[in-house]
Amino acid sequence: MFTGSRRLPGLKRSVRDPGAFIRLARSNLELWANLVIIAWAVTFAILQGTGFAITLGTVFAIWAILAVSLNLVVGFTGLLSVGHIGFFGIGAYTVAVLTSNASYEQLRTEAIPTFGWPFFAALPVGVVLAGLTAVAVGVVFNRFRDDIFVLVSFGFAIICFNVFLNARAVTRGAFGIHEVAKPQIGGWVFDDELSFLALAVVFLLVVVLLSWFIVTSSFGRVLTAIREDERATEVFGYQVTHYKLTVWVLSAMMAAAAGGLFASWTTFIDPNSFVLLESILLVSIVILGGLATIWGSLLGAMTFVLLEEGMRFVPGLPDQYVGQARQVVLGVLLVLLMLFRPQGLLGRYRL
């Protein structure tokens, strides 16, 4: 009661004084951001119908897993990586290769071996493969810092894309892989949009809880210390390279899980889903939501998904320009954030 009575005069003064109202709004920017984006999402979903809302939720869940996993590296540890889309692709292609069993593929010159594995058997393989890849490249990446780290992660994303495109004996290259299997538990197949949304939300909750456990533990406090001053953390006796490599591998495995979900949901993948631009968009989502905040990653992913899908309904905007318009709006939004809110909507640190 006492706290509320103290806030009420402040609200009254803000109504009478426009300057005070602006200062009050700025001090509660995080609250406003949450309210506006959530209200936008609910209104948009209601206007477009239940089916569209379910699809929107599935896309959000997949991008949110990616954003949360990347924020462990970029936000909490301070390693700006633009190569995360490579791990996303490794998970997607592993699930696609192991589960696809289309008979017509055998009639093509670009036919690949088919295994017909169930989704829940193939997904752990993709996650482990991404983890092993992260270990291999992480040992090398740990030798670099700051701008050089960004460049080598940039190179990793390009290498992954070229492997997906040119290893046609495994990936079918530009033809892509069709008929990726849907998840199945016993006789229950997640082949409708609502059940797949529920599965994606479960995966997202697991990733969020795991990430929360990481960042609130003593391990997470060391990661934050590395972000603030890596050399000082080494002076206190911590094996900084071990911590960075561990969070790098965990983040890669989470991204691979999102890739497996993506492949199964779309039932078709090709290299165009894993181009460098997608990785840059992912980094933009993390920056938009805010560094070193799990909730900010979720909010950034929701903003991006709303922007991506909402641009299709802008009156007078031709369909062929929707993709370009999305990039322009997101770019302008990021520039405004860098000018007026460098730490993002809910972030604790600046990039």
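Owing to the predicted nature of the structure, the values given are computational and were not obtained by experimental measurement.

### Some details on the overall build of the chain
Moving on, step 1. When helices and strands are tallied, the chain shows 15 helices and two strands.
Moving on, step 2. The long-range fraction of contacts in the chain, counting pairs at least 24 apart against all pairs at least 6 apart in sequence, stands at 77%.
Moving on, step 3. As displayed, the chain offers around 17,300 Å² of accessible surface, 67% of which is attributable to carbon and sulfur atoms.

### Side note on the nonpolar core
Moving on, step 1. In terms of nonpolar packing, the biggest core is built from 105 residues, with Trp63, Phe87, Trp248 and Phe274 touching the most fellow members.
Moving on, step 2. With 16 residues, helix α4 (residues 50-74) is the single largest residue contributor to this core.
Moving on, step 3. Once you skip the residues sitting within four places of it in the chain, Phe274 turns out to touch Ile85, Phe88, Gly89, Ala92, Tyr93, Phe161, Phe164, Phe262 and Ile269.

### So, helix α14 (residues 294-310)
Moving on, step 1. Between its terminal C-alpha atoms α14 stretches 24 Å, which fits the 24 Å expected from 17 residues at 1.5 Å a residue.
Moving on, step 2. Most of α14 is tucked away: 16 of the 17 residues are buried.
Moving on, step 3. For α14, the capping residue at the N-terminal end is Thr293, with a side-chain oxygen 3.1 Å from the backbone nitrogen of Gly296.

### Some words on the packing of aromatic side chains
Moving on, step 1. Within this structure, the stated rule accounts for 17 aromatic pairs.
Moving on, step 2. For the pair Phe87 and Trp248, a centre-to-centre distance of 5.4 Å together with 80° between the ring planes defines the contact as edge-to-face. One end of the pair, Phe87, is in helix α5 (residues 84-99); the other, Trp248, is in helix α12 (residues 240-266), with 161 residues separating them in the sequence.
Moving on, step 3. Taking relative accessible area as the criterion, Trp248 reaches 3% and is therefore assigned buried.
Moving on, step 4. A centroid spacing of 6.3 Å and a plane angle of 85° characterise the contact between Phe141 and Phe156, whose relative ring orientation is edge-to-face. Taken together, the positions of Phe141 in helix α6 (residues 119-141) and Phe156 in helix α7 (residues 146-166) put the pair 15 residues apart, joining distant regions of the chain. Residue Phe141 shares its accessibility class with Phe156, and that shared class is buried.
Moving on, step 5. One aromatic cluster in this structure is built from Phe87, Phe141, Phe149, Phe156 and Trp248.
Moving on, step 6. The positively charged end of Lys182 is found above the aromatic ring belonging to Phe196, 5.0 Å away from the centroid.

### Examining a nonpolar patch on the surface
Moving on, step 1. Side chains of Val328, Val332, Val335, Leu336, Leu339 and Phe340 sit close together on the surface and give an oily, nonpolar patch of about 620 Å² of accessible area.
Moving on, step 2. Of note, Leu339 is situated in helix α15 (residues 322-340).

### Brief notes about α15
Moving on, step 1. The terminal C-alpha atoms of α15 lie 27 Å apart, and with 19 residues this matches the ideal 27 Å at 1.5 Å per residue to within 8%.
Moving on, step 2. The set of residues buried in α15 consists of Val322, Ala325, Leu330, Leu334 and Leu337. Buried residues along α15 cover an arc of 165° about the axis, so they all sit on one side. Residues of α15 that are exposed and angled more than 90 degrees away from the buried face: Val328 and Leu339.

### Some points on the confidence of the model for the chain
As a note on interpretation, predicted positions should not be read in detail where pLDDT is low.
Moving on, step 1. Mean pLDDT over the chain stands at 85; residues scoring 70 or higher make up 88%.
Moving on, step 2. Counting contacts from residues 1-12, a segment whose pLDDT is below 50, to residues more than four positions away or on other chains yields one contact.

### Observations concerning the side chain of Lys244
Moving on, step 1. On the secondary structure map, Lys244 appears in helix α12.
Moving on, step 2. Setting aside anything within four residues of it in sequence, one finds Lys244 in contact with Thr77, Leu79, Asn142, Phe144, Ile226 and Glu230.

### A few points about the environment of Ala130
Moving on, step 1. Mapped onto the secondary structure, Ala130 falls in helix α6.
Moving on, step 2. It is 8.3 Å that separates the C-alpha atoms of Ala130 and Phe88, two residues lying 42 residues apart in sequence.
Moving on, step 3. Dropping the residues within four chain positions of it, Ala130 is found in contact with Phe87, Ile90, Ala252 and Ala256.

### Description of the packing of helix α9 (residues 193-216) against helix α10 (residues 218-228)
Moving on, step 1. Look at α9 against α10: their axes get within 4 Å of each other, and the N-to-C directions meet at 70°. Taken together, α9 and α10 sit at an angle that is classed as roughly perpendicular. Contacts from Ile214, Val215 and Thr216 of α9 reach α10 at Ser218, Phe219, Gly220, Arg221 and Leu223.
Moving on, step 2. Of the residues that constitute the contact of α9 with α10, the class distribution is four nonpolar, three polar and one charged.

### Things to note about the packing of α4 against α9
Moving on, step 1. Between α4 and α9, the shortest axis-to-axis distance is 9 Å and the interhelical angle comes to 20°. The orientation of α4 with respect to α9, classified from their angle, is roughly parallel. Note on packing geometry: the crossing formed by α4 with α9 is left-handed.
Moving on, step 2. For the contact of α4 with α9, the residue count by class is 18 nonpolar, four polar and one charged.

### Observations regarding the side chain of Thr99
Moving on, step 1. As for its position among the elements, Thr99 is in helix α5.
Moving on, step 2. For Thr99, a relative accessible area of 4% translates into the label buried.
Moving on, step 3. There is a polar contact of 2.6 Å between the side chain of Thr99 and the backbone oxygen of Val95.
Moving on, step 4. Within the local environment of Thr99, its side chain forms a polar contact with the backbone nitrogen of Ala181, the two atoms lying 3.3 Å apart.
Moving on, step 5. Not counting residues up to four positions away in its chain, the partners in contact with Thr99 are Gly116, Trp117, Pro118, Phe119, Ala122, Val180 and Ala181.

Cut-offs and rules
- Residues numbered from 1 in each chain as written.
- Predicted model: local features only at pLDDT ≥ 70, side-chain atom pairs only at ≥ 80, totals over all residues.
- Heavy atoms only, no water.
- Helix = DSSP H or I, 4+ residues; strand = E, 2+ residues; numbered from the N terminus.
- Contact = heavy atoms within 4.5 Å.
- Areas by Shrake-Rupley, 256 points an atom, 1.4 Å probe, with all protein chains shown as cover.
- Core = buried A, V, L, I, M, F, W, Y, C linked by side-chain atoms within 4.5 Å.
- Buried < 20%, exposed > 50% of the residue type's maximum accessible area, 1.4 Å probe, protein only.
- Expected span 1.5 Å × (residues − 1).
- Polar contact = N/O pair within 3.5 Å; in protein donor to acceptor, adjacent residues only side chain to side chain.
- Phe/Tyr/Trp six-rings, centres within 6.5 Å; stacked < 30°, edge-to-face > 60°.
- Lys NZ or Arg CZ within 6 Å of the ring centre and 35° of its normal.
- Patch = residues over 30% accessible without salt bridge, like charges linked within 9 Å, V, L, I, M, F, W, Y side chains within 5 Å.
- Salt bridge = Lys/Arg side-chain N within 4 Å of Asp/Glu carboxyl O.
- Arc of directions from axis to C-beta.
- pLDDT = per-residue confidence, 0-100.
- Axes fitted to C-alpha atoms, helices over the stretch in contact; angles between N-to-C directions.
- Parallel < 35°, antiparallel > 145°, perpendicular 65-115°, else oblique.
- Nonpolar A, V, L, I, M, F, W, Y, C, P; charged D, E, K, R; others polar.
- Left-handed = near helix turned anticlockwise from the far one by under 90°.

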